[in-house]
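These are the residues of each chain, in order.
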Protein chains: 2
Amino acid sequence: MAQQVVIGIDIGGTFTKYGLVDINGNSYFEGSIHTSGYPDINSYLKNLFSTIQGSVKTSDKDLQIMGIGVGAPAGNYYSGTIEDTSNLIWKGIVPLADLMKKHYNIPIAITNDANAAAMGEMMYGGAKNMKDFIVITLGTGLGSGIVVNGNVVYGHDGFAGELGHIVAIDNGRLCGCGKRGCLETYASASGIKRTVYELLADLTEPSDLRKISFEDLTAKMISDAAINGDQIALKAFEITGEILGRNLANAVSFSSPEAIFLFGGLAKAGELILKPTKKHMEKNLLTIFQNKVKLLLSGLQDKNAAVLGAAGLIWNEIKKGN
Amino acid sequence: MAQQVVIGIDIGGTFTKYGLVDINGNSYFEGSIHTSGYPDINSYLKNLFSTIQGSVKTSDKDLQIMGIGVGAPAGNYYSGTIEDTSNLIWKGIVPLADLMKKHYNIPIAITNDANAAAMGEMMYGGAKNMKDFIVITLGTGLGSGIVVNGNVVYGHDGFAGELGHIVAIDNGRLCGCGKRGCLETYASASGIKRTVYELLADLTEPSDLRKISFEDLTAKMISDAAINGDQIALKAFEITGEILGRNLANAVSFSSPEAIFLFGGLAKAGELILKPTKKHMEKNLLTIFQNKVKLLLSGLQDKNAAVLGAAGLIWNEIKKGN
């Protein structure tokens, strides 16, 4: 009997990663193509699917492809489109699901990357037995996937879960969205960079980070410096955790989750980011929520989480019978 | 054939209101008893139900009572309990649903007052055809009922939707919950009172409100003064709307609702509160959410909304077959 799999696809600005994933989250034939190499979406899809078919054909596995799940910036679950995102080469509203249907006439579901991460966490990660949780992705920006009663919250228009653009600091840092003080300008891989630079300007302490240009500085360098006892780096994690924790407390007031998972580049710093975030989250929680909400690292941190999440999205649809 | 109704019960600190409500939201035999007159919950329930039965018996209607819905401070949907609230005379965890079952062995559902208001709005008010919306109750405090995909968000522990305790101002006003700067210390009937008193202290403008003691001042007096052009009152509405609007923009980032309904004492000020709130909400929204989210007054403002909401809660359970 043929083994049933879905295609999980993670579309990023530079690379598109894919894998064939069974219902238990085992991933086969993982690979990638360059997203940015295809200004025409149709030739992109043609190449993507022929690459996938090529790798499947070389194997002796008998696979039945049941559906396609996609995580993409500004991916809209309701419409199956990608809408006006500066992160991808294709402009305007791209009817991705419809275009994919021309290649595979099977169930297709699309959502944004943070929602896909939440779906992956629920099906294959640390949220397997949870119905109410939030995944916070701390990459270049801050993304969030909110799960309520076992379902990802999409909202009226498909764009729910933009916690990166909650105003964290009144008249704070300029955000890529045009507003000021958005949470992601503080709590993200690029946010902590900005905090380090502020501290380097404000304080006089020596720090190895003084040798590194803004462009070269990475979250990894900051966490390495913190591990080595660099005071600027340690203070940057404390400030980042304070702002993140305070805002997670507000998120708890909203949906009262069982757990909040941190995922992505900055989450790799582990306890360095968990500890101050937890402290300041608890400090700002209403009494009824205190010491109840688990703050955890993603259970998929070292896996191809975005591909698994995209696969989980469509497996979930297939299970529901959609 | 007997007419099918449910008992809708709104438990407040002073009064308990009730009504027998059919599936279309028509309410019969409305009445009330004193909540605070019964330190013993069992004698409270005995009196409540004998009062209700008494009024039904005097009529010639043939009624079939299908279920009981209750809205109460700190009412927990999952456990059917009222938990440790300072607003009621009964202390500790009160197993309200179990105690009620001794009187009526029919489906019983309990939730807090703001969630009941949201349920009422969805079944009988302005949100009839909506699946994603938020109801904000602006009374002594600020309550919120959040509906996602047609369901009230209860969260992991049944206490979701505490937007009144989102931190609106860092190190702001002391809140009854022990924290500082909670949204309800600014955006509520008592919040706008505090703002008026701050303005009376800060400014030198003459105002009729200078004649009224803090204890005597009501939201209605402030809105009456604003209608008469009182500058302090007008400014208080502007400030209240600014803080509320900014925080509603954050709520939109969370669940992307189709509409937000304002309800309760302060909402009776109508355009005085709607206009500045809308302005500052829009100003703080991400581009993708701008000019999409309706800010409306509750469609149940002049009705017995809490009783209707409690009734809607249990009708919804009966429809689901629970």
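The model shown is predicted, which means the values in this text are computed figures rather than measured ones.

A short note on the overall build of chain A
Reasoning step 1: What chain A contains, in helices and strands, is 8 helices and 13 strands.
Reasoning step 2: Over its C-alpha atoms chain A spans a radius of gyration of 20 Å, differing by no more than 12% from the 20 Å that the globule rule assigns to 322 residues.
Reasoning step 3: Based on the C-alpha atoms only, the size of chain A along its principal axes is roughly 65 × 45 × 35 Å.
Reasoning step 4: Counting only residues that meet the buried cut, chain A has 52% of its 322 residues in that class.
Reasoning step 5: Taking as baseline every contact in chain A between residues at least 6 positions apart, the subset at least 24 positions apart corresponds to 64%.

Some points on the sheet that holds strand β9 (residues 133–138) of chain A
All names here are of chain A.
Reasoning step 1: Ordered by their spatial adjacency, 5 strands build an open sheet running β11-β10-β9-β12-β13, and the pairing between neighbours is mixed. Looking along the sheet, the strands with just one partner apiece sit at the ends: β11 (151–152) and β13 (294–297).
Reasoning step 2: Packed onto the sheet, helix α7 (residues 271–284) meets β12 (259–263) and β13 and runs at close to 165 degrees relative to β13.

Things to note about the environment of B:Ala114
Residue and element names in this part refer to chain B.
Reasoning step 1: Its place among the elements puts alanine 114 in helix α3 (residues 113–124).
Reasoning step 2: Distance from alanine 114 to valine 135, taken between C-alpha atoms, is 7.2 Å for residues 21 residues apart in sequence.
Reasoning step 3: Beyond its immediate chain neighbours, meaning those up to four positions away, alanine 114 contacts Val135, Thr137, Gly143, Ser144, Gly145 and Gly161.

Overview of the pairing of strand β4 (residues 63–71) of chain A
Within a regular strand, the side chains alternate between the two sheet faces.
Residues and elements named next belong to chain A.
Reasoning step 1: In this sheet, β4 lies alongside strand β1 (residues 3–11) in parallel orientation, the contact comprising 8 bridges. Bridge pairing in β4 places glutamine 3 opposite leucine 63.
Reasoning step 2: Relative to strand β8 (residues 108–111), β4 is paired through 4 bridges, and the arrangement is parallel. Following the sheet pairing, glycine 69 is matched in β8 by alanine 109.

Re the relation of the copies chain A and chain B
Reasoning step 1: Note on the identical chains: chain A maps onto chain B by a rotation of 180 degrees and an axial translation of 0.0 Å, with an RMSD of 0.0 Å. Interpreted geometrically, this transformation is the action of a two-fold axis.
Reasoning step 2: Both copies contact each other with a shared surface, as 100% of the interface residues of chain A are interface residues in chain B too.

Some points on the interface of chain A and chain B
Reasoning step 1: Facing 29 residues of chain A, the contacting portion of chain B comprises 30 residues.
Reasoning step 2: Here the element with the most residues in the side of chain A that touches chain B is helix α6 (residues 231–255) of chain A; it accounts for 5 residues.

Remarks on the environment of B:Asp113
All names here are of chain B.
Reasoning step 1: Inspection of the secondary structure assignment puts aspartate 113 in helix α3.
Reasoning step 2: Overall, aspartate 113 belongs to the buried group, with 27 C-beta atoms counted inside 10 Å.
Reasoning step 3: A C-alpha to C-alpha distance of 22 Å links aspartate 113 and phenylalanine 254, two positions 141 residues apart in sequence.
Reasoning step 4: If near-sequence neighbours (up to four positions away) are discounted, aspartate 113 is found in contact with Gly71, Ala72, Pro73, Thr137, Gly143 and Ala306.

Here we look at the packing of α6(A) against α7(A)
Residues and elements named next belong to chain A.
Reasoning step 1: Relative orientation of the contacting elements α6 and α7 amounts to 40 degrees, with a least axis distance of 7 Å. In this view, α6 runs oblique relative to α7, as classed from their interaxial angle. Judged by the twist between their axes, the crossing of α6 over α7 is right-handed. Residue-level contacts link Phe237, Glu238, Thr240, Gly241, Glu242, Leu244, Gly245, Arg246, Leu248 and Ala249 of α6 to Leu272, Ile273, Lys275, Pro276, Thr277, Lys278, Lys279, His280, Met281 and Asn284 of α7.
Reasoning step 2: The residue inventory of the contact of α6 with α7, partitioned by class, reads 8 nonpolar, 6 polar and 6 charged.

A few points about the domain arrangement of chain A
A common measure of how large an interface is: the accessible area buried when the components associate.
All names here are of chain A.
Reasoning step 1: Segmentation of chain A into domains returns domain 1 (3–120 + 303–320) and domain 2 (129–297).
Reasoning step 2: One C-alpha centre belongs to domain 1, the other to domain 2; they are set 28 Å apart.
Reasoning step 3: The interface of domain 1 with domain 2 comprises 12 residues on the first partner and 11 residues on the second.
Reasoning step 4: For the side of domain 1 that touches domain 2, the leading source of residues is helix α3 (residues 113–124), giving 6 residues.
Reasoning step 5: Partitioned by chemical class, the residues of the side of domain 1 that touches domain 2 number 7 nonpolar, 4 polar and 1 charged.

As for helix α6 (residues 231–255) of chain B
Every α-helix carries 3.6 residues per turn, so stepping three or four residues along brings you back to the same face.
Residue and element names in this part refer to chain B.
Reasoning step 1: With 25 residues, α6 should cover 36 Å at 1.5 Å per step; its first-to-last C-alpha distance of 36 Å lies within 8% of that length.
Reasoning step 2: With 20 of 25 residues buried, α6 lies mostly within the body of the structure.
Reasoning step 3: Two residues or fewer past α6, serine 256 is found with a positive phi of approximately 45 degrees.

Comments concerning the sheet that holds strand β8 (residues 108–111) of chain B
Residues and elements named next belong to chain B.
Reasoning step 1: Pairing within the open sheet is mixed, and its 5 strands lie in the order β3-β2-β1-β4-β8. The sheet terminates laterally at β3 (27–34) and β8, the two strands that pair on one side only. In this sheet, adjacent strand axes meet at a mean angle of 20 degrees when their direction is disregarded.
Reasoning step 2: For strand β1 (residues 3–11) and strand β2 (residues 15–21), the ladder comprises 6 bridges, and the chain directions are antiparallel. The residue of β2 that forms the bridge with valine 6 is valine 21.

Some details on the packing of α3(A) against helix α8 (residues 305–320) of chain A
Residue and element names in this part refer to chain A.
Reasoning step 1: Remark: α3 packs on α8, axes separated minimally by 7 Å, with the N-to-C direction vectors making an angle of 75 degrees. It follows from the interaxial angle that α3 and α8 lie roughly perpendicular. Between α3 and α8, the residues in contact are Asp113, Ala116, Ala117, Met119, Gly120, Met122, Met123 and Tyr124 and Ala305, Ala306, Leu308, Gly309, Ala310, Gly312, Leu313, Trp315 and Asn316, respectively.
Reasoning step 2: Residues belonging to the contact of α3 with α8 are distributed by class as follows: 12 nonpolar, 4 polar and 1 charged.

What counts and what doesn't
Residues numbered from 1 in each chain as written. Chains lettered and ligands numbered in written order. Predicted model: local features only at pLDDT ≥ 70, side-chain atom pairs only at ≥ 80, totals over all residues. Helix = DSSP H or I, 4+ residues; strand = E, 2+ residues; numbered from the N terminus. Rg over C-alpha atoms; globule rule 2.2 N^0.38 Å. Buried ≥ 20, exposed ≤ 12 C-beta atoms within 10 Å, placed from the backbone. Contact = placed C-beta atoms within 7 Å. Pairing = 2+ DSSP bridges. Axes fitted to C-alpha atoms, helices over the stretch in contact; angles between N-to-C directions. Least-squares fit on C-alpha atoms with pLDDT ≥ 70 in both. Parallel < 35°, antiparallel > 145°, perpendicular 65-115°, else oblique. Left-handed = near helix turned anticlockwise from the far one by under 90°. Nonpolar A, V, L, I, M, F, W, Y, C, P; charged D, E, K, R; others polar. Domains from an automatic or database assignment. Expected span 1.5 Å × (residues − 1).

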